[in-house]
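Survey of secondary and tertiary structure
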Amino acid sequence: MQVEQTEPMQQAQEDPKTKLSLHEKIANLPMQPGVYQFFDKEGRHLYIGKAKRLRPRVQSYVRESADHAERIRLMVSKIRNVEVIVTDSEGEALILENQLIKEHQPRYNVMFRDDKTYPYICLTREDRPRVYPTRVFRRDGSKYFGPYDHVGHMRRMLEMIRKTFGLCTCAVSAKTIDPTRGVPKWHTCFNDYIRNCSGDDPEELYRETMKKVERLLGGRTEALIRDMKEEMSIASDAMHYEEAALLRDGIESLMRYNQKMKMVDSSQVNRDLFAVEIEPELNEACGVLFKIREGKLIGRFHRLMKNAADRSRAQLIQYFMEDYYTSQDAEAIPDEVFVSDLPENSDPLIDYLAEQLGRKVVLHLPKIGEKKQFVEMALRNARHKLGERILEKQKQEKTRIPMAVQDLKTYLHLHRLPRRIECFDNSNIQGSDPVASMVVFVDGQPRKSAYKRFMIKTVEGPDDFASMKEIVKRRYSRVMREGQQAPDLILIDGGKGQLNAALEALREIGFEGQCEVAGLAKRLEEVFLPGRMDAVMIPKVSPALKLLQRARDEAHRFAITFHREKRRKRTLQTELTSIEGVGVKTAEKLLKEFGSVQAVREASREELERVVSKKISEAIQFHWKSDR
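Residues numbered from 1 in each chain as written. Predicted model: local features only at pLDDT ≥ 70, side-chain atom pairs only at ≥ 80, totals over all residues. Heavy atoms only, no water.

Alternating positions in strand β7 (residues 131-134) separate into two faces, V131 and P133 on one and Y132 and T134 on the other, with burial throughout. When strand β6 (residues 120-123) meets β7, the two strands line up antiparallel, connected through four bridges. Within β7, the residue paired with Y120 across the bridge is T134. (Buried < 20%, exposed > 50% of the residue type's maximum accessible area, 1.4 Å probe, protein only. Helix = DSSP H or I, 4+ residues; strand = E, 2+ residues; numbered from the N terminus. Pairing = 2+ DSSP bridges.)

Printed below as a string of structure tokens:
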């Protein structure tokens, strides 16, 4: 590997000359695979990512015409430095990316929320290996099996190992082990264990026993039972009856354990199944993994992911799978992998898994039948975990009303606490693609699952007052019609004009007086209330004003995002798909690679041909050449 570092970046907004300098620096990045790291002015990591070709990937962030989400735009504004690490393959970049993310925990990456330390079963790397439970992972060459979602499941497995193979499975440290015998130094290691412990077995027999333990922990019980039956038959024929009896007892224990396992596939295939569900209200997602070995469900595993609300399921399932397969949790690569959503870019992961297994691993997205039902079961598990997280947060906040909400009631002389605030904003550019948004704050926190987006239907041209009247009328007509929960406070982004338009809409539908209404004007952060000539001036440092500003800014962000989406779709249809040979899928592929229509227009033929065929590349260049 090699590290290449650019000069410190400057904000694109500061100076056009600086922007040109920035593009020149990025233009010198390599076209090889690798990992890129963005830093802020303090030298802290903002984001770490991987790329098949580093230069165009980094260019896609800082290109002026790129249509990014608000989160990415904010991150780009903070970038001051970039470093890249060139790797030999995407698979190598995948491993390195995950290592760096775990080490530095950048603010704008999806982060995994470790709310507990999972239990594992450790198989040590020693001349006489030990098997014992642990919650601590050490990179000492030992093998770790798990994680177990419940400590009881791990204990049952340890008991199975002890009964079947006579092994000591005590959770002991290296200091308490007799290195000559591989067992605890003390002689009170539970009487039952002492009588059955195989610590004094001959070395060759001991190694064979540990191989069987590894097969059992890996879920290969059917093959293990067959082999042990064959050993028992050989021992019996040789009149080694004591050995045959021990094997018989072990086989019976294994068979009882095997019968208790949930059979999910008669084909006895080894499979991992991944599913991801998102909860915007928490800004979290939950990934669930089902481990299926020989057709039986041998284990479940879940991870909670932060910073997830504005990411797609395709992105999140990719992060979840990459994190799992490049960590200590993945003790074996299965024959096939089922997913609830296809990853956004699965090629690096598939290449990495193929390297580890020695053959290609195929990702399947079940759409019908039992396999689809099994994916749905995994999704239900994910939803259940997120439901538990919501209940946790609600329990914590049930009796706590934020000071900002209490202060807001006082400053605005409201009749009730504004625990639920619904805030409205419009967005258009010179009247084109007019849209509006409504965001909801409950007890001072955004409730993203309740957000609404509106297409302006009856207003022509840039008329903010009429647009506000339309969306308020539509929103609360539906609230009345469907008996939905009414807010404690309706907040309008704007001054007296927008506020009066909203009040007129509420009067026309008979909703006036059902809740409080206020308008927040941006120029002086004045709050206008119905029936009052003068605006209310809330102190600038007050949490109450900061709450109103947060709601107003969030409504603006949500409206702008919707407006950009709408404009982008229109741009896509009118500019790219008008080129002969370019359909919607090809246009989306080009936009994903280059970031914007303008960037496609500026791309060289060589850059275009890395994404599309030579014929389409020529058509694209001819289209804009004839436009000039």
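For the rest of this paragraph, the subject is the pattern of salt bridges. Taken as a whole and assessed by the stated rule, the structure comprises 26 salt bridges. Of the charged contacts in the structure, one is a salt bridge between R419 and D443, with a shortest N-O distance of 2.7 Å. Note that R419 is positioned in the loop between α13 (403-412) and β17 (420-429) and D443 in the loop between β18 (432-442) and β19 (445-446), a separation of 24 residues in sequence. Here E470 and R474 are joined by a salt bridge, their closest N and O atoms 2.7 Å apart. Of this pair, E470 and R474 both sit in helix α14 (residues 464-482), four residues apart, roughly one helical turn. In this structure R474 comes out as partly exposed when scored by relative accessible area, which is 28%. A cluster of three or more residues bridged by salt bridges with shared partners is formed by K469, K473, E504 and E508. (Salt bridge = Lys/Arg side-chain N within 4 Å of Asp/Glu carboxyl O.)

Our focus in this paragraph is the side chain of R311. Position of R311 relative to the elements: it lies in the loop between β14 (296-306) and α10 (313-325). Separated by 2.4 Å, the side chain of R311 and the backbone oxygen of N307 make a polar contact. Excluding residues that lie within four positions of it along the chain, R311 makes contacts with R71, Y108, N109, V110, I278, L316 and Y319. (Polar contact = N/O pair within 3.5 Å; in protein donor to acceptor, adjacent residues only side chain to side chain. Contact = heavy atoms within 4.5 Å.)

Bringing the sheet that holds strand β8 (residues 143-145) into the picture now. Taking strand neighbours across the sheet as the criterion, the three strands line up as β7-β6-β8 in an open arrangement whose pairing is antiparallel. Since the sheet does not close on itself, it has two edges, and those belong to β7 and β8, each with one partner. Each strand axis lies, on average, 30 degrees off the axis of its neighbour in the sheet, ignoring direction. Sheet analysis places β6 next to β8, joined by three bridges and oriented antiparallel. (Axes fitted to C-alpha atoms, helices over the stretch in contact; angles between N-to-C directions.)

This part covers the packing of α14 against helix α15 (residues 496-509). Interhelical geometry of α14 versus α15 gives an angle of 35 degrees and a closest axis separation of 8 Å. By crossing handedness, the relation of α14 to α15 is classed as right-handed. On α15, the residues touching D464, F465, M468, K469, V472, K473, Y476, S477 and M480 of α14 are G497, Q498, A501, A502, E504, A505, L506, E508 and I509. In the contact of α14 with α15, the residues fall into ten nonpolar, three polar and five charged. (Left-handed = near helix turned anticlockwise from the far one by under 90°. Nonpolar A, V, L, I, M, F, W, Y, C, P; charged D, E, K, R; others polar.)

It is worth spelling out the packing of aromatic side chains at this point. The tally for this structure, following the rule as stated, stands at 13 aromatic pairs. Ring plane angle 35 degrees and centroid distance 6.2 Å describe the contact between Y36 and Y47, whose orientation is recorded as tilted. With Y36 in strand β2 (residues 34-39) and Y47 in strand β3 (residues 45-51), this residue pair connects regions lying eleven residues apart in the sequence. With respect to burial, Y36 and Y47 carry one shared label: buried. Members of the aromatic cluster, connected to one another through ring pairs, are Y36, F38, Y47 and Y61. Positioned above the aromatic ring of F338, the side-chain terminus of R271 is 4.2 Å from the ring centre. (Phe/Tyr/Trp six-rings, centres within 6.5 Å; stacked < 30°, edge-to-face > 60°. Lys NZ or Arg CZ within 6 Å of the ring centre and 35° of its normal.)

To continue, consider the nonpolar core. Where a protein is soluble and globular, its nonpolar side chains tend to be buried together. One finds F38, M75, F274 and Y325 to be the most contacted residues of the largest nonpolar core, which totals 46 residues. Per element, the largest residue contribution to this core is seven residues, and it comes from α10. Contacts of M75, omitting those with residues within four sequence positions, involve F38, L46, Y47, Y61 and Y108. Counting residues in hydrophobic clusters, the runner-up holds 27 residues, among them F424, I471, A502 and A521. (Core = buried A, V, L, I, M, F, W, Y, C linked by side-chain atoms within 4.5 Å.)

What follows is about α14. With 19 residues, α14 should cover 27 Å at 1.5 Å per step; its first-to-last C-alpha distance of 27 Å lies within 8% of that length. Regarding α14, the residues found buried are S467, M468, E470, I471, V472, R475, Y476 and V479. A side-chain oxygen of the first residue of α14 lies 3.3 Å from the backbone nitrogen of F465; this N-cap is D463. Looking one or two residues beyond α14, the residue adopting positive phi is G483, at roughly 65 degrees. (Expected span 1.5 Å × (residues − 1).)

At their nearest, the axes of helix α4 (residues 90-104) and helix α11 (residues 347-357) sit 8 Å apart, and the two run at 100 degrees to each other. Compared by their axis directions, α4 and α11 come out roughly perpendicular. Contacts between α4 and α11 involve E90, G91, L94 and I95 from the former and P348, L349 and Y352 from the latter. Residues of the contact of α4 with α11, tallied by class, amount to five nonpolar, one polar and one charged. (Parallel < 35°, antiparallel > 145°, perpendicular 65-115°, else oblique.)

A separate point is the pairing of strand β22 (residues 516-521). Counting buried positions over the six residues of β22 gives six, a clear majority of the element. Across five bridges, the pairing between strand β21 (residues 489-493) and β22 is parallel. Among the inter-strand pairings, D493 is bridged to a residue of β22, identified as L520. Read as a crossover between parallel neighbours, the route from β21 over α15 to β22 is right-handed. With three bridges connecting them, β22 and strand β23 (residues 526-528) associate as antiparallel partners. Across the sheet, G519 pairs through a bridge with F528, a residue of β23. (Right-handed = clockwise from strand over helix to strand, strands pointing away.)

Our next topic: helix α17 (residues 584-594). All of the buried residues in α17 are T586, A587, L590, L591 and F594. Each buried residue of α17 sits inside an arc of 135 degrees when the element is viewed along its axis, so together they form one side. Pointing more than 90 degrees away from the buried face of α17 are the exposed residues K585 and K592. Trailing α17 by a residue or two, G595 shows a phi angle of about 95 degrees, which is positive. (Arc of directions from axis to C-beta.)

The next thing to look at is the side chain of N109. Summarising the element assignment, N109 is placed in the loop between α4 and β5 (111-113). Look at N109 and you get buried, because its relative accessible area is 4%. In contact with N109, other than residues within four places in its own chain, are L46, Y47, I48, I101, N307 and R311.

A positive phi is found at D443, a non-glycine position, where the angle reads about 50 degrees. On the accessibility criterion, D443 (12% relative accessible area) is buried. Of note, the phi angle at E525 is positive, near 55 degrees, even though the residue is not glycine. Position of E525 relative to the elements: it lies in the loop between β22 and β23.

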